[in-house]
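Topology and contacts: notes
So you can see what is in the structure, the chains are spelled out below.
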Amino acid sequence: MKHWIWALALVSAGSVWAAPEWVRGIVVKVEPEKTRITIKHQPIETIGMAAMTMPFRVVDGVSLNAVKPGDKVRFTVQELDDHLKITALEPAK
């Protein structure tokens, strides 16, 4: 039984420590006053989402001031408070 508990702990730790997936996209619309950005993005594998264009809210600390429509970006997204929110956003290289 001890081995089973150890295996469960390793699996749980793996999911907690998993690195976020960086997703690439193109900015369609920026709404800083609503803390929202619309991005045409590639598939998001970690959550099984197909490529599409959709608005995302951003968490506190993610600035929308440096991006404009047409910019290529990469971002990370998490489900927070029952919404998908961007947790990091930067220009794509």
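Heads up: these notes are all about the structure in this document. (Residues numbered from 1 in each chain as written. Predicted model: local features only at pLDDT ≥ 70, side-chain atom pairs only at ≥ 80, totals over all residues. Heavy atoms only, no water.)

Some thoughts on the packing of aromatic side chains
- As enumerated under the stated definition, the model contains one aromatic pair in all.
- Ring geometry for Phe56 and Phe75: centres 5.4 Å apart, planes at 55°, overall tilted. Residue Phe56 is located in strand β3 (residues 52-58), and its partner Phe75 is located in strand β4 (residues 72-80); the two are separated by 19 residues in the primary sequence.
- Exposure remark for Phe56: the relative accessible area of 1% places this residue in the buried category.
- Look at Phe75 and you get buried, because its relative accessible area is 0%.
- We note Arg74 situated over the ring of Trp22; from NZ or CZ to the ring centre the distance is 3.8 Å. (Phe/Tyr/Trp six-rings, centres within 6.5 Å; stacked < 30°, edge-to-face > 60°. Helix = DSSP H or I, 4+ residues; strand = E, 2+ residues; numbered from the N terminus. Buried < 20%, exposed > 50% of the residue type's maximum accessible area, 1.4 Å probe, protein only. Lys NZ or Arg CZ within 6 Å of the ring centre and 35° of its normal.)

Digging into unusual backbone geometry
- Unusually for a residue other than glycine, Thr35 sits at a positive phi of about 45°.
- Counting through the fold element by element, Thr35 comes out in the loop between β1 (23-31) and β2 (36-41).
- In this structure Thr35 comes out as partly exposed when scored by relative accessible area, which is 37%.
- The phi angle at Asp82 is positive, at roughly 65°, despite the residue not being glycine.
- Along the chain, Asp82 falls in the loop between β4 and β5 (83-91).
- Accessibility expressed as a relative area gives 70% for Asp82, which makes it exposed.

Quick look at the pattern of salt bridges
- Under the criterion given, the structure shown has five salt bridges.
- Among the ionic pairs, Arg36 bridges to Glu31, the shortest N-O distance being 2.9 Å.
- On the basis of relative accessibility, which here comes to 8%, the residue Glu31 falls in the buried class.
- The residue Arg74 makes a salt bridge to Glu90 at a minimum N-O spacing of 2.6 Å. In this pair, Arg74 is assigned in strand β4 and Glu90 in strand β5, connecting sequence segments 16 residues apart.
- Within this structure, Glu31, Lys34 and Arg36 form a network of salt bridges that share partners. (Salt bridge = Lys/Arg side-chain N within 4 Å of Asp/Glu carboxyl O.)

The quantities given are spatial measurements derived from coordinates; they are silent on function.
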